[in-house]
Amino acid sequence: MTDTLTLPQPDDWHVHLRDGAMLAAVAPFTAAQFARAIVMPNLREPVTTTALAAAYRDRVRAAAGPGFTPLMTAYLTDTTDAADLVAGHRDGVLTAVKLYPANATTNSAAGVTDIARVMPVLAAMADAGMPLLVHGEVTDAEVDIFDREAVFIDRVLSPLAERLPELRIVFEHITTADAAAFVADAGPNVAATITPHHLHHSRNALFAGGIRPHLYCLPVLKRERHRLALIAAATSGSPQFFLGTDSAPHAAYTKEAACGCAGIWNAPFALESYVAVFDAAGALDKLEGFASRHGPAFYGLPVNPDTVKLERAPTPVPDRIGDLVPFHAGETLAWRLVSPLLP
Ligand code: DOR
Ligand code: ZN
């Protein structure tokens, strides 16, 4: 039995770090596990321009401390200036652009109302080699919430990938067998991130013994057969699938509410959570590609020079950290991240 693993330090290719006091509270946890992270732009005032991203990058750096590199994204709107984003990418401020369909999730009211409106921006991004990161759900109230990702593939993503085959696309936090199959069939310009919570839980967990607000996220957890398809994709060794936690902190009282916020804060034990899934699948040998190599390869970045060590050792997860309830709260995980140390 393998009891220790040493990997090049992983990166988180999808994280929400927020701003202000919440940023200060959560950034050190991400920086303790990951060398770099793709930082989502859905602040209350979304990060829609290169200048806003540069200012936010400074705040993230200050909160995360030295040794951590935030990779910034801009939030696409119906009125985004393509020239600003392409210049931001050329100048090294922006790594990618995030597409939120309007009202799909937290702070997405300013998102794109119709993909047709941003086609000129997407064409400019394709020319510049700038990746598009996609929250892949339709928002129509008449589409069942469990079908919104699959319908998005048919209505939006598949036509987009056909129309702009050079556009590099990351289908973020995929949750269905349909999405995993779409990505696998799409070729090397299309990749996907997979979260720890979608690997651990099916939608049954949301209702186990009562409603579980700390497992509510978007896209919502799906059926068990979808979870198994995500495990197969993550452990397949395909470079199209890589680590993205979608860690999304909300104060506990905003989740334990009549209308609770969507998002799971998994940053504090993210690697311990992923390794549990790969271990249970008998695929520990596939963790390094998923966590440390496929993401850098897709983004054209070097693999991190430092290493982290995971060892098999009981790791209790606290019920709470400050105002936040971490993913796996109250559980004991079977693996421990030995280095670097938690804050
Ligand atoms: O559960 C989620 N929370 N899904 C998202 O897409 C956004 C995130 C957040 O920002 O809270
Ligand atoms: Zn997200």
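The rules we used
Residues numbered from 1 in each chain as written. Chains lettered and ligands numbered in written order. Predicted model: local features only at pLDDT ≥ 70, side-chain atom pairs only at ≥ 80, totals over all residues. Heavy atoms only, no water. Helix = DSSP H or I, 4+ residues; strand = E, 2+ residues; numbered from the N terminus. Rg over C-alpha atoms; globule rule 2.2 N^0.38 Å. Buried < 20%, exposed > 50% of the residue type's maximum accessible area, 1.4 Å probe, protein only. Contact = heavy atoms within 4.5 Å. Areas by Shrake-Rupley, 256 points an atom, 1.4 Å probe, with all protein chains shown as cover. Phe/Tyr/Trp six-rings, centres within 6.5 Å; stacked < 30°, edge-to-face > 60°. Lys NZ or Arg CZ within 6 Å of the ring centre and 35° of its normal. Donors = N, O, S within 2.8 Å, 3.2 Å for Na, K, Ca; no water. Pairing = 2+ DSSP bridges. Right-handed = clockwise from strand over helix to strand, strands pointing away. Near = heavy atom within 4 Å. Polar contact = N/O pair within 3.5 Å; in protein donor to acceptor, adjacent residues only side chain to side chain. Nonpolar A, V, L, I, M, F, W, Y, C, P; charged D, E, K, R; others polar. Disulfide = S-S within 2.5 Å.

Colleague: Describe in detail the overall build of the protein chain, supporting the description with residues and values.
Modeller: Regarding its fold elements, the protein chain presents 11 helices and 11 strands. Against the 2.2 N^0.38 benchmark of 20 Å for 343 residues, the protein chain shows a C-alpha radius of gyration of 18 Å, consistent with a compact globule. The principal-axis extents of the C-alpha atoms in the protein chain amount to approximately 50 × 45 × 40 Å. For the protein chain, with 343 residues in total, the buried portion stands at 57%. Expressed as a percentage of contacts within the protein chain between residues at least 6 apart in sequence, the contacts between residues at least 24 apart total 72%. Element-wise, carbon and sulfur atoms account for 54% of the exposed surface of the protein chain, whose accessible area totals about 13400 Å².

Colleague: Pulling in residues and values, what's your account of the packing of aromatic side chains?
Modeller: Inspection of the entire model under this criterion finds 10 aromatic pairs. When the ring of Phe242 is compared with that of Tyr299, the centres are 6.3 Å apart and the planes differ by 65°; the resulting orientation is edge-to-face. In this pair, Phe242 is assigned in strand S9 (residues 241-243) and Tyr299 in helix H11 (residues 287-299), connecting sequence segments 57 residues apart. Comparing Phe242 with Tyr299 shows no difference in burial state: the two are buried. In textbook terms, an aromatic cluster arises when at least three aromatic residues are bridged by ring pairs, as seen for Trp13, Phe242, Phe298 and Tyr299. Residue placement shows Arg168 over the ring face of Phe298; its charged tip is 4.2 Å from the ring centre. Here the guanidinium or amino end of Arg203 rests over the ring plane of Phe146, the centre of that ring lying 4.5 Å away.

Colleague: Give me the coordination of the zinc ion (ligand 2): which residues, what numbers.
Modeller: Protein-derived coordination of the zinc ion (ligand 2) comes from His14 (NE2), His16 (NE2) and Asp246 (OD), at a distance range of 2.0 Å. Between consecutive donor residues of the zinc ion (ligand 2), the sequence gaps follow H-x1-H-x229-D. Of the two residues, His14 sits in strand S2 (residues 12-15) while Asp246 sits in the loop between S9 and helix H9 (252-255), which places them 232 residues apart along the sequence. The pair formed by His14 and Asp246 is uniform in burial state, with each residue classed as buried.

Colleague: Go over the pairing of S2 with me, naming the residues and quoting the values.
Modeller: Sheet analysis places S2 next to strand S3 (residues 36-39), joined by two bridges and oriented parallel. Note on S3: the bridge partner recorded for Asp12 is Ala37. On the question of chirality, the crossover connecting S2 to the parallel S3 by way of helix H1 (residues 20-33) is right-handed.

Colleague: Pulling in residues and values, what's your account of the site of ligand 1?
Modeller: Around ligand 1 there are 14 residues in total, and Arg18, Asn42, Thr106, Leu218 and His250 lie nearest to it. In the model, an oxygen atom of ligand 1 is placed 2.9 Å from a nitrogen or oxygen of the Asn42 side chain. Contact distances for ligand 1 include 3.2 Å between an oxygen atom and a side-chain N or O atom of His135. Starting from 290 Å² of accessible surface for ligand 1 in isolation, the protein chains cover 100%. When its residues are assigned to classes, the shell around ligand 1 shows four nonpolar, eight polar and two charged.

Colleague: Outline the state of the cysteines, listing residues and values.
Modeller: According to the stated counting rule, one finds zero disulfides in the structure shown. Of all cysteine sulfurs in the structure, the one in Cys261 sits closest to Cys259, which takes part in no disulfide; the separation is 7.6 Å. Residue Cys259 is classed as exposed on the basis of its relative accessible area, which comes to 70%. The class for Cys261 is partly exposed, based on a relative accessible area of 27%.

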